[in-house]
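Structural overview for review
If you want the building blocks of each chain, they are given just below.
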Amino acid sequence: SQTIHQWPATLVQPVGSPLSLECTVEGTSNPNLYWYRQAAGRGLQLLFYSVGIGQISSEVPQNLSASRPQDRQFILSSKKLLLSDSGFYLCAWSVGAAGANVLTFGAGSRLTVL
Amino acid sequence: KQEVTQIPAALSVPEGENLVLNCSFTDSAIYNLQWFRQDPGKGLTSLLLIQSSQREQTSGRLNASLDKSSGRSTLYIAASQPGDSATYLCAVDNAGNMLTFGGGTRLMVKP
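These numbers come from a predicted model, not from an experiment.

1. Structural notes on the state of the cysteines
Put plainly, two cysteines are in a disulfide when a covalent bond ties their sulfur atoms together. All names here are of chain B. This model, assessed by the stated rule, comprises 2 disulfides over all chains. Covalently, Cys23 is tied to Cys90 through a disulfide, its sulfur atoms 1.9 Å apart. Between Cys23 and Cys90, the S-S dihedral sits near 65 degrees, and the bridge is therefore right-handed. With Cys23 in strand S3 (residues 19–25) and Cys90 in strand S9 (residues 86–93), this residue pair connects regions lying 67 residues apart in the sequence. For the pair formed by Cys23 and Cys90, the shared burial category is buried.

2. Describing the interface of chain A and chain B
Of the residues lining the interface, 23 residues belong to chain A; the matching set on chain B comes to 20 residues. Surface buried jointly by chain A and chain B totals about 1,500 Å² across both partners, of which 58% is contributed by carbon and sulfur atoms. Taken together, chain A and chain B are joined by 0 salt bridges. For the interface between chain A and chain B, the tally reads 3 residue pairs in polar contact (both at pLDDT 80 or more). Elements with a contribution of two residues or more to the side of chain A that touches chain B: strand S4 (32–38), strand S5 (44–52) and strand S9 (87–94) of chain A. Sorting elements by how many residues they give to the side of chain A that touches chain B places S4(A) first, with 4 residues. Across the side of chain A that touches chain B, the residue classes tally to 14 nonpolar, 7 polar and 2 charged.

3. Overview of the environment of Glu56(B)
Residue and element names in this part refer to chain B. Structurally, Glu56 can be placed in strand S6 (residues 56–59). Remark: the alpha-carbon pair of Glu56 and Ala95, spanning 39 residues in sequence, is separated by 21 Å. Glu56 has contacts with Ile50, Asn63, Ala64 and Ser65, leaving out every residue within four places of it along the chain.

So, how was this worked out
- Residues numbered from 1 in each chain as written.
- Chains lettered and ligands numbered in written order.
- Predicted model: local features only at pLDDT ≥ 70, side-chain atom pairs only at ≥ 80, totals over all residues.
- Heavy atoms only, no water.
- Disulfide = S-S within 2.5 Å.
- Helix = DSSP H or I, 4+ residues; strand = E, 2+ residues; numbered from the N terminus.
- Buried < 20%, exposed > 50% of the residue type's maximum accessible area, 1.4 Å probe, protein only.
- Contact = heavy atoms within 4.5 Å.
- Buried area = accessible area lost by both parts, 1.4 Å probe.
- Salt bridge = Lys/Arg side-chain N within 4 Å of Asp/Glu carboxyl O.
- Polar contact = N/O pair within 3.5 Å; in protein donor to acceptor, adjacent residues only side chain to side chain.
- Nonpolar A, V, L, I, M, F, W, Y, C, P; charged D, E, K, R; others polar.

If you want it as structure tokens, here you go:
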């Protein structure tokens, strides 16, 4: 069966420090991978998606970047965190034809920037 | 640009009541619509997926309907239980699993 792992689960970082959140998927090949952010009082916002190794699309301009070094690994990074980067970050995956399959989410990583 | 709205934002009901959560979207050219559940501090769990060609989907006490032409979906929960307390999110897929989410309905079912 397929599983998705995110870590760390919680993170407290000072402003200006770097960030690395990791997401890995098991039990499937060539998944579509997504990073969403859920900020306090706001809905879920798509940040990045990837349809294959090294293929990253960004939905919104921001202080963050994403990379996909391996088929089932998706990393969210920042060189210098801002206060506004605080939020709940969710990784998700899907496979198959567009619109045909359920998006499955990880447990999330809560980031607090102080 | 797709916009998804959920009403009400919060709902509190006594145990045993049947209830309806509403979701509306502005662009009817969707692939599908999904309903998710989110417990506090947790990730999202998919409840129901309705393809654009379908009218409804059922899973246990949950029934989701879709009226694409009017841009509406409802999630019906029968005989609510305290364990149903959570935030319910609807999301529409316009372009290959890139979902646009509503703001969610926070449900509290009181024993």
